Every structure is written in structure tokens, then in C-alpha cells.
Amino acid sequence: MSKLVILKIGEGSFAQGFPVTLQVGEENARPTTEITGTLPAEPELLGVYQQWQSTYRGLGLRSRLSAPDGQQKNVSLVQDCHQAAEQLRDRLNAWLRAEFLRPVREKWLEKLHPSDPIRVIVQTADPALQKLPWHLWDLLERYPNTELALSAPVYDRVAPIPTPAGTVSVLAILGNSKGIDTQADRALLESLPDAAVRLLVEPSRQQVSDRLWEHPWDILFFAGHSSSQENGETGRIYINQTDSLTFSQLRYALKKALERGLKLAIFNSCDGLGLARELADLHIPQVIVMREPVPDQVAQAFLKYFLQAFASGEPLYQAVRQARERLQAIEDQFPCATWLPVIYQNPAEVPPTWAELTGSREPAIGNRVSPSAPPSLPSPLSPHPSHPFRWAIATSLAITALITGVRYLGWLQPVELHAFDQLMRLRPEEGTDSRLLVVTIDDEDIQKQPQPDRGSLSDGAFSQLLKQLDRYQPRVIGLDIYRDYPVKPEHPFLAERLKQDGKLIAICKVSDPDSNVVGIAPPPEVPGDRVGFSDFLEDPDGVLRRQVLFMDVPPASLCTTPYAFNVHLAARYLAAEGIEPAFTENGNLQFGKTVFPAIHSRTGGYQGIDAWGHQILLNYRASRRPVNQVSLSQVLSGQINADAVKDRIVVIGVTARSFGDYWSTPYGTGPADKKAGVVVQAEMTSQILSAVLDQRPLLWVWPVGADIAWIGFWALTSGLLCGWVWLRSRSFNQAVSRMVVVVVVSASVLYLVCFGVLTQGGWVPLLPPILAIAATASTAGLYQMGRYPQGRPLRSPDPALHQE
């Protein structure tokens, strides 16, 4: 599934820093994830960029910036340009790896897989930020199907007027070509498949305006000399030997072109960021420009590679990335050629494919029917069994098969999961599990720390917290915070504690085993037998209903532990009770007499989930406060009850909203209803302890065969009751009224049965049997409606033909 990532950089400066917001979601959908961070002050970065820019422009490359002055390439400066480029790249990545941006980076790694096609949009109003080579961000190197674009913070979508099409309509302006070769651009455009190219060679301003007004265009292309103003806000194109234009001088013509379907503007010319920013004010969907002066050979090579990829079916972003990366082959002659092409995106638009451009203005006409074909007539009804009970059996079997097939395809999964969530919320109160205590770290706790330089919990605060907890003698301490960095030398107590304390468990992150994501490493000081993975597995609707106990870890992952963090916590606690973990012959985890069987595919409404480790359903504790919680500040100040800690499992984790570690559960998906990740870890641990020590039931589901029998039972029951209703009714209206009662009563009984079973740990299908009841009753009504018109009695007046 294609993903859209928007990195919004707010108002700020290199001297003071910038606020940052990361949004992640599916293409053509609202963002499902948002998290904030901060880019710290970096006043020297702009100077490093200006030094590179000065070195690059000082190469003397013959470019499309302006008419040539006879300057030749200074070969001695090539190495200096490469060095300046490396320095800028390193400085930029050091800035983007800043600690204040760590939550954003970690959320990115958590939500995005390397195999995903991803569009990344950097949205900022600062011209200096837009000039930075964002494509060199080391985070993007993990995602081969990703390309980055720039965007203005203010945008809108202009709905085009549909007009017929069949080819891609291109308006190509070949401007002032003094000293450059625009004929190569012309040849490339004219060789495009399924394209109608209209050429304007060194046109006048009126000719450009007239062509934009008179015809609908898909693509606007310009090759020639261009430049941007020093402030980066506007640009200028040189359309012939004497005249130049800014886009404010073509504003009305461009707006008309946009209304008639203009999708893409390509400026194969120099210094185009000012052009792109000016076009963004007009809400052009996509613009491709060169960020700096571009040599002729580079411009021609990029256009060739881009058009080849785009016209052959590659998405626009991937086509730009392929073309840009292929320029690396000529960087020995033209340094930093891969830096030049950049997309400027209107976030309200989705980039089109070449095929979509070919038919972009073709109106939808629906299904076509040959005018000579006669209208189809309904076939005669098949003969039905005359006796209603025989009919009921046949109908119930057919409906059971139909619903089972639909369920097998997964079409009912979203509504089945929703019904499950509803039942979970109705369970009676269970109270708090006093064996666990969660130490929360909120935004206020982070701000109060004396050295908040390491994520959410500084070394000093962590060391002080452990010393304070030692006074109360917890049985197990779990650290649900990523610490893939060593302890600072000034905290030897903490380093030694992490190495030696057998009751302290830490976390790492495996990430998706089907991807190449390397995950997040555990604390360097903690041995591997005291590390558990923290990975959660959401259902397709984004709700967390499963608990992964162990998995086969991908070899490339930085997290090598096969067991979950909550399993480690429970195992350490149960070991003090004399209960050790084991495995059954089937590979299921077992503590004492309690076995944790894995759920399998196509059970309980799920499909294909057993490829992601050993999973069980997460039986959340039905309680407003499933575990006790205290804040970091309360612990450090001694404001806690010693009995709440002694011999308990203490889990330390972040609940600060700014870190975004909140999860949708059956108890709610809204911002106020989501549960913090550390609380979910505690509930997972509680489930294991409660099942072993309290015999609290685990959630179980039936195998597929039992589900089918369950659905068939309710379909058959509904059918038989409907048949009995028809035999006992004297009129059509009476039969319909009684059937409504049958459906309502049957569905109510089914609901109560499913709820009662769930309170005992069983999740049996609810929605499919309800559909079977309703479908059987509806089919019965339609069948009998055809046999007995509404004005005709259902019973025969001859007792010999109809006996009660």
C-alpha cells in the first residue's frame, strides 16, 4: 500500500530552531499518525550550504541560467565542490539526527516499511530550508521506493473541468537557446508515445498566453534560460532573445490551464525553486524544476531518463528518482548532478501516472450496452420444494455456504472486529491487578529532568529512579524505553546496574519480519537474556487486539531476542513462585499447567496472521484502571506507598503525548481513548500472570469447521422457525409480522449467548449468524410472496389440502 509522509516545518530560524510535525498515512486518505519534534538551532548549516553553492557555481559549467559569457569549466574546482558537498551532506544529517527529533525518527521507522512505495513531502515556507538537499537524508536510504518533494504550507485543489482526451497533451516552450541545445529536448518530447506535443519556439508573450487559453493541456514544459530572485520567492523564464516573463504576468492564462486539467509543469532550466514557489501560489498540482544552474548535458540526460520511466508506467515520483539517480554516472564531469532535480508538490493532489494522463479528461460513461442487444429478461424462478420445512433446509445450507465464502475472503472482518470490540466494552468490572505498577513519564516529568538530553529519561534521572525503587524492593523492573546508546561516563552506577541487576528487563525493537528494517538495538550494557522485544501487531483497522509472545527474529535486525518484553517480565515474576516456562509438543508456551495456544488464520474473523510470530488474543482487563500508575516525579519525591511497589512488577515508560506512543484498543480509537504503550505492556503482562496464577481465561476461538457449523445452526433455526410461521399464519401480513419477531428474538438470544461466552473467554461469531438469520428470513418472505399474493389467504379452505 502506497504511503504519504508529510514533514511540516513551522516558522523558525537556523539561529533558534524549527518546530516539526510528521504525518504518516495511506495515499488518498487522512493521516493515521502524527507526532511532533524540534529541529534545534544550527546557525552554521546555512553557511555550509552557501559555501557549497558558491563552489558549485564557481565551477564555470555552461548552464541554462543565463546567456553564456564564454566562461569555461574550472577543472581544479571539481574536487573542492565534491568536498563541499560531502561537508553539507554530513552537516545536514547530523542536524536531522538531533536528539529533539528522535521521536519523529523512531515513529518514521515504526510506521514505514522499506518495501512501501512512499511519497515524502517537506512542507515549509522558508526558502532557505527548501534549498537544502533533503534527498541526502540518511533515513531515506532505507526506503528504495521513496522520493521526496517540496511543498508550500498554503495550498488548495482546483477541480478541473472534464474534457475528452485520448493522448497526453503537452505544451512545450523552447525559449532563449543562446549557447545551449534545446533541440535535444524537442526530440525527446516528440518521441513520446500517446502524446500530442505543441511546440512554441522562442515565442512572444502573447503567443504563450494564447496557447494556454485556447487548448487544454496535461503537461507544460519549458527549456531554455531561467533564474530565481535572490529571495527565492519568484522566478523568471527567458522566452526569446529579448523577452522574459514572470508567472505573475501569465497568472490568468495559467489559472485557465489549471481549470482545464493541467497536471504537471516541467522546467528543464536553471535555478527553478523561485519558479516552483510562484507556481505553488497558483496551486499547480506538480512542478519539476532544477534547484541550481544545470548544465545542458545534465538537463538532457534527466529529461531522457524521466520521460522513459514515466511513459513506461512508473509512478511520477519513482520516475523522478530513477532519472535523478542515473545522473550519478556523469558526476565525474558534472559534480552534484543528482542534487539538481526536485519535485514541488501541491499536497491536495495525487501525482498522475502516464496512463491516467492519457485518459485524464475522458468523462466516465459507465457500462456501455450495444444498442442492438435486447434487454435481458429475468429467468423463470427455479422450482422450490412445496413444503416450507424442506425449503428451509435447502435455503439455510445455501446461505451458510454464501456467508462462509464471504467470510473466507475477509469481507466481513472489519464489522466482525467492531462487534467484538462492542462486546469487550460491555464486560463487567474486573478491578485492578495490584501485582503491577506503571511509572509514567509525561511531558512535565521530561521538562523537570536535570539533563533531558537523552530522549525521555536522562541518565541522571534514571539512576535516581532506580535508587529510589530499591528502597521499596520490587520483584521485577521493566524499562519500556528505547536506549540504543551507552550510559554516559559520569554515571558509573547506572552502567553497572544495567549490567548486573538480574531483575531489570530492557526492550529493543525487531520491526516487521517481512521487511528489511533493522529495528532498534537494546541498551549496550544489558545482557541479551534480559532483553525483550517491544513490537506490537495491529489489526488492519489499526486496533491492537493481539499479543505476540515470541517470534523468529530476522537476521538483519538489531534486536535479536526471540521473546517479548511482557513474557520476560511475567517469567521473572513467576520464577519467584516456583513456576518456570516450558514448551508443549506443538510449540506452545506453557507456564505450570497453563498453555498459551497460538491463534491461527481465518479464525475469529482474522485472516493470514500466523506469519508474524506466536500470537494470542489480548484479553484486556475489564477495568477503568487495569494497573496502578504513579508519575516519575512522585517516585523521585517519595510520594508513593511502599506496599504498592514491594514484590511487584514495576514498568517504566513514557506517557507523554508528544512521543505518540498511544494505541487504539477495543476500548476506543479516539485520541482520548487510546492507551499508552507502557500501559498495554503492563496489561499483556497481567494477562499472563492472571492466566497462570488466577486461572483467568484466555480468549479462545473455534476452528473453521466449528464456525461454519455455528453459522449453519442459526441459519437452519431461522429457516425452520420461518417455515413454521408460514404454516401457522392466516394472512401474508400476519406472517411478515411474526417473521420480524422471529428475527429480533433470534438475534437477541444469539447476542446474549455470544456475550455470555465472551465473559468466559470464548470469542464465537456474532455477526455472521445474525446475517444468516436475516438472510434466511428475507429469502423466506420473498419466496412466499411469489406463491401467495398479499390479498390471498395462506391457508387453503379445504381441510383435506391443508391440516393444522
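Above this text is the structure in question.
Reading the values: the criteria
Residues numbered from 1 in each chain as written. Predicted model: local features only at pLDDT ≥ 70, side-chain atom pairs only at ≥ 80, totals over all residues. Heavy atoms only, no water. Helix = DSSP H or I, 4+ residues; strand = E, 2+ residues; numbered from the N terminus. Expected span 1.5 Å × (residues − 1). Buried < 20%, exposed > 50% of the residue type's maximum accessible area, 1.4 Å probe, protein only. Pairing = 2+ DSSP bridges. Axes fitted to C-alpha atoms, helices over the stretch in contact; angles between N-to-C directions. Disulfide = S-S within 2.5 Å. Patch = residues over 30% accessible without salt bridge, like charges linked within 9 Å, V, L, I, M, F, W, Y side chains within 5 Å. Areas by Shrake-Rupley, 256 points an atom, 1.4 Å probe, with all protein chains shown as cover. Salt bridge = Lys/Arg side-chain N within 4 Å of Asp/Glu carboxyl O.

J.: Explain helix H19 (residues 677-693) to me, and be specific about the residues and the numbers.
T.: With 17 residues, H19 ought to run about 24 Å at 1.5 Å a step, and its terminal C-alpha atoms sit 24 Å apart, in line with that. Among the 17 residues of H19, 16 are classified as buried, and the element is accordingly described as predominantly covered. Just downstream of H19, Gln 695 is the residue with a positive phi angle, here 55°.

J.: Describe the sheet that holds strand S11 (residues 244-245), listing the residues and the values that go with them.
T.: Read from one edge to the other, the open sheet built from 3 strands follows the order S9-S10-S11, with strand pairing classed as antiparallel. Strands at the two margins of the open sheet, each flanked by one partner only, are strand S9 (225-228) and S11.

J.: Before we move on, can you summarise the sheet that holds strand S5 (residues 146-151) with the specific residues and values?
T.: As summarised here, the arrangement of the 11 strands in space is S3-S2-S1-S4-S5-S14-S13-S12-S8-S6-S7, forming an open sheet in which the pairing is mixed. A single partner strand is all that each edge strand has here, and the edge strands are strand S3 (33-39) and strand S7 (195-201). The average angle at which neighbouring strand axes cross in this sheet is 20°, direction not considered. Bridge count between S5 and strand S14 (residues 341-345): 2 bridges; the pairing is parallel.

J.: Give a detailed account of the state of the cysteines, specifying residues and quantitative values.
T.: Within this structure, the stated rule accounts for 1 disulfide. Across the disulfide from Cys 508 sits Cys 559; the S-S distance is 1.8 Å. The sign of the S-S torsion, about 40°, decides the handedness of the disulfide formed by Cys 508 and Cys 559: right-handed. With Cys 508 in strand S17 (residues 504-508) and Cys 559 in the loop between strand S19 (546-550) and helix H17 (565-575), this pair connects stretches of sequence that are 51 residues apart. Neither residue differs from the other here; Cys 508 and Cys 559 are each classed as buried.

J.: Give a detailed account of the pairing of strand S1 (residues 3-9), specifying residues and quantitative values.
T.: Working note: regular strand, side chains alternate between the two faces of the sheet. Of all the 7 residues making up S1, 6 are buried; the element is thus mostly covered by neighbouring parts of the structure. Relative to strand S4 (residues 118-123), S1 is paired through 6 bridges, and the arrangement is parallel. Paired with Val 5 across the bridge in S4 is Val 120. In this structure, S1 lies alongside strand S2 (residues 18-26), joined through 7 bridges in antiparallel fashion. Paired with Leu 7 across the bridge in S2 is Leu 22.

J.: Can you lay out a nonpolar patch on the surface for me, pointing to particular residues and giving the numbers?
T.: A cluster of nonpolar residues, Ile 393, Leu 397, Leu 716 and Leu 720, forms a patch on the protein surface that exposes about 330 Å² of accessible area. At the level of secondary structure, the elements contributing two or more residues to the nonpolar patch comprise helix H12 (388-408) and helix H20 (704-728).

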